[in-house]
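# Tertiary structure, described
Residues per chain are reported as follows:
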Amino acid sequence: MTALAPELAVTHWFNTARPLSLAGLGGKIIVLHAFQMLCPGCVAHGLPQTERLHRLFKDRPDVVVIGLHTVFEHHAAMTPVALEAFIHEYRLTFPIGVDQPDEHEAIPVTMRRFNMRGTPTTIIINGAGRIVEHAFGQVDDLALGVLLGTLAAEVPRSDATSSSDAECAEGACQAPAPVCRSAILS
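In this report, we go over the structure that sits alongside the text. (Residues numbered from 1 in each chain as written. Predicted model: local features only at pLDDT ≥ 70, side-chain atom pairs only at ≥ 80, totals over all residues. Heavy atoms only, no water.)

### Some words on the packing of aromatic side chains
Summed over all chains, the structure comprises 2 aromatic pairs. Both rings, one in Phe35 and one in Phe86, keep their centres 6.5 Å apart while their planes meet at 20 degrees; by these two values the pair is stacked. Here Phe35 is found in strand S2 (residues 29–35), whereas its partner Phe86 is found in helix H2 (residues 80–89), with 51 residues between them in sequence. Side by side, Phe35 and Phe86 carry an identical accessibility label, which is buried. (Phe/Tyr/Trp six-rings, centres within 6.5 Å; stacked < 30°, edge-to-face > 60°. Helix = DSSP H or I, 4+ residues; strand = E, 2+ residues; numbered from the N terminus. Buried < 20%, exposed > 50% of the residue type's maximum accessible area, 1.4 Å probe, protein only.)

### Structural notes on the pattern of salt bridges
Side chains carrying opposite charge are able to pair once their charged atoms draw close together. Evaluated as defined, the whole model comprises 4 salt bridges. Arg60 is the salt-bridge partner of Asp62, the closest N and O atoms lying 2.7 Å from each other. For the residue pair Asp62 and Arg60, the accessibility class agrees, reading buried in each case. (Salt bridge = Lys/Arg side-chain N within 4 Å of Asp/Glu carboxyl O.)

Listed below in structure tokens is the structure:
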């Protein structure tokens with residue numbers, strides 16, 4: 001899938017000092033994980049995987065991990081107040097937005113914009129703002145790691161050393177030490 005990612009519609013943010021937008025994150029790889037507090041697959045697999053990804057990539061300026069609490073059932077039980085307690089109890093540290101409810105439908109705005117079938121849903125957006133993965137259900141850790149590592153390797157890094165930085169003296173040039181471009185394997 002290579003469609004341009006639509007913008008998020010979020011009413012409240014947790015774990016971030018400022019609201020996030022896809023436009024504001026332009027040029028970065030974005031992992032968007034949609035979940036519900038009462039979804040067994042989200043609690044057992046999706047949220048722990050998302051937290052691991054966030055911890056792995058939190059110091060990389062080219063990858064952002066975002067959670068999206070998208071409620072399409074049990075609306076009265078899954079309020080922002082309940083979500084705040086859930087985030088604390090499960091020790092989730094990645095930014096989490098609350099999907100904007102739709103006044104006319106049970107399906108929230110961002111969920112509908114991204115054509116999500118349910119939760120958990122993992123969406124990967126490349127640096128060009130295009131959706132490169134849209135997965136419903138459990139996503140294999142290794143497959144997700146390979147995809148993110150491949151995308152991260154394609155993003156130009158400011159700390160990368162160019163071939164013109166080789167040290168030359170006495171008629172011989174020494175190549176610079178290789179730069180590790182993927183945090184997946186480190």
